[in-house]
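Notes for the structure review
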Amino acid sequence: MSDMTVNGTAPKGAVRAAYWRGFRHGLPFLLVIVPFGLLFGVAATSAGLDLVQVMGFSVMVIAGAAQFTALQLMGDHAPVVLILAASLAVNLRMAMYSAALTPHFGKAKTWQKALVAYFMVDQAYAMAANEYEAEPDMSRAEKLAYYAGVCSPVCPNWYVATLVGALVGAQIPPEFALDFAVPITFLAMIGPALRTLAHVAAAAVSVVGALALSFLPSGVGLMIAAVAAMVTGAQVELWVARRKAVRE
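Each chain carries its own residue numbering, running from 1 in the written order of its sequence. Owing to the predicted nature of the model, reporting of local features is limited to residues with pLDDT of at least 70; listing and counting of side-chain atom pairs is limited to 80 or more, with chain, interface and lining totals taken over all residues. With hydrogens and water stripped out, all remaining heavy atoms of the structure feed into the side-chain values.

**Looking at the overall build of the protein chain**
Counting its regular elements, the protein chain contains 12 helices and 2 strands. Where helices and strands are cited, they refer to DSSP runs of H or I of at least four residues and of E of at least two residues respectively, numbered from the N terminus. Helices (α) and strands (β) of the protein chain occur, in sequence order from the N terminus, as β-β-α-α-α-α-α-α-α-α-α-α-α-α. Think of it in three bands: with a 1.4 Å probe and only protein chains considered, a residue is buried below 20% of the maximum accessible area for its type, exposed above 50%, and partly exposed in between. Counting all 248 residues of the protein chain, 38% fall into the buried class. Within the protein chain, contacts between residues separated by at least 24 positions form 74% of all contacts whose residues are at least 6 apart in sequence. Of the roughly 13,800 Å² of accessible surface on the protein chain, 70% is carried by carbon and sulfur atoms. Contact between two residues is taken to exist if any of their heavy atoms lie within 4.5 Å; hydrogens are not considered. Each accessible area value is a Shrake-Rupley result obtained with a 1.4 Å probe; residue values ignore everything except the protein chains displayed when judging cover.

**What about unusual backbone geometry?**
The backbone of Ile 62 shows a phi angle near 40°, a positive value even though the residue is not glycine. On the secondary structure map, Ile 62 appears in the loop between α3 (51-61) and α4 (64-75). Its relative accessible area of 7% is what places Ile 62 among the buried residues.

**Side note on the packing of aromatic side chains**
Pairing of aromatic side chains requires ring centres within 6.5 Å, counting the rings of Phe and Tyr and the six-membered ring of Trp. Pairs whose planes differ by under 30 degrees are stacked, by over 60 edge-to-face, and all others tilted. All chains considered together, the criterion is met by 13 aromatic pairs. A centroid spacing of 4.1 Å and a plane angle of 10° characterise the contact between Tyr 97 and Tyr 125, whose relative ring orientation is stacked. Of this pair, Tyr 97 sits in helix α6 (residues 92-105) while Tyr 125 sits in helix α8 (residues 122-134), and the two are 28 residues apart along the sequence. You'll find Tyr 97 and Tyr 125 in the same group, each marked buried. Between the aromatic rings of Phe 105 and Tyr 132, the centroid separation amounts to 5.9 Å while the plane-to-plane angle is 85°, which identifies the pairing as edge-to-face. Here Phe 105 is found in helix α6, whereas its partner Tyr 132 is found in helix α8, with 27 residues between them in sequence. Of the residues examined, Tyr 132 reaches a relative accessible area of 3% and is grouped as buried. Taken together, the aromatic side chains of Phe 36, Phe 40, Phe 57, Phe 68 and Trp 158 make up a single cluster linked through ring pairs. Working rule: Lys NZ or Arg CZ, within 6 Å of ring centre, within 35 degrees of ring normal, means a charge sits over the ring. The ring of Tyr 132 is capped by Lys 143, whose NZ or CZ atom sits 5.6 Å from the centre of that ring.

**Description of the nonpolar core**
Residues enter a nonpolar core if they are buried and are Ala, Val, Leu, Ile, Met, Phe, Trp, Tyr or Cys, with the set joined through side-chain atoms within 4.5 Å. Phe 40, Met 120, Tyr 132 and Tyr 147 are the most contacted members of the largest nonpolar core, which has 47 residues in total. Those elements that place two or more of their residues in this core are α1 (12-26), α2 (30-46), α3, α4, α5 (80-90), α6, α8 and α9 (140-168). The dominant element in this core, judged by the number of residues it contributes, is α9, at 12 residues. When sequence neighbours within four positions are dropped, the list of residues in contact with Tyr 147 reads Leu 101, Phe 105, Val 116, Phe 119, Met 120, Val 121, Ala 124, Ala 128 and Tyr 132.

**Observations concerning the side chain of Gln 67**
For Gln 67, the location among the structural elements is in helix α4. For the purposes of these results, a polar contact is taken to be a pair of N or O atoms within 3.5 Å, where, inside protein, one atom must be able to donate a hydrogen and its partner to accept one; residues adjacent in sequence count only when each atom of the pair is a side-chain atom. At 3.2 Å, the side chain of Gln 67 forms a polar contact with the side chain of Ser 58. Polar side-chain contacts of Gln 67 include one of 3.4 Å to the backbone nitrogen of Ile 62. Ignoring sequence-local partners within four residues, the contact set of Gln 67 consists of Phe 40, Phe 57, Ser 58, Val 61, Ile 62 and Trp 158.

**Quick notes on the confidence of the model for the protein chain**
What pLDDT conveys is the predictor's confidence in a given residue, as a value from 0 to 100. Of all residues in the protein chain, 84% have pLDDT values of 70 or greater, and the mean over the chain is 82. When the criterion is pLDDT under 50, residues 1-8 qualifies, and its contacts beyond four places in sequence or with other chains add up to 15 contacts.

**Overview of the pattern of salt bridges**
Any two side chains of opposite charge can pair, so long as their charged atoms come close to each other. By salt bridge we mean one thing: a side-chain nitrogen of Lys or Arg within 4 Å of a carboxyl oxygen of Asp or Glu. Scanning all chains against the criterion turns up 1 salt bridge. Between Arg 21 and Glu 131 there is a salt bridge whose closest N-O contact spans 2.8 Å. Here Arg 21, found in helix α1, pairs with Glu 131, found in helix α8; they are 110 residues apart in sequence, far enough to count as distant.

**Notes on α3**
Among the residues of α3, those classed as buried are Val 54, Met 55, Gly 56, Phe 57 and Ser 58. Of the surrounding secondary structure, the elements contacted by the buried residues of α3 are α2, α4 and α9. The opening residue of α3 is Asp 50, an N-cap whose side-chain oxygen sits 3.2 Å from the backbone nitrogen of Val 52. Backbone geometry just after α3 places Ile 62 at a positive phi near 40°.

Next up, the structure:
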């Protein structure tokens, strides 16, 4: 069995090992995915959504930050256009994730790329990007298996936690403070990624901008801060590249 190949690129044993390595790497995220999902289930039910709507939200969108953004704006009775625009703005990072993973999955089968796109969550991207950088000799089959492994404990438990939150959320004591999962999740993923001056500058601008513009209604300040952060990061990268070119 270990000598057989998958798509002619890697032994089945290597693909299986990559999957379980990804699975193990995804397990720690349950510490934040479960309370995050519970919190969304509670919040969505409290906002007036029925069980089918809550689960449809999580299954079809599968993007916690965008879901919370949309839910908050719906509670503020914001126009539908603004809700959609804000949710898309929050999820713009997915486009960057996709662009970063394209060199790894570009030649995969269409159905495989479709599944990767559907299960594109922060945790899967963060772990995959780190793994592919650390193991540049991985075959495409191994990369897909690793990605699937990370998603296996994360995504199904997002659905389950959302369901539990929607069903029994009102009975969860407020002392549990489930909302801690939201900032902790992003801090855990973003912190290790701040490796360059451009990353740090973009993060600093986003934080300062979001706080300075928090008085604006319906999350408009957050969108402005995000755009400013992306522009800052791009400009810093260009500046660093020019300095490097001059030195050489």
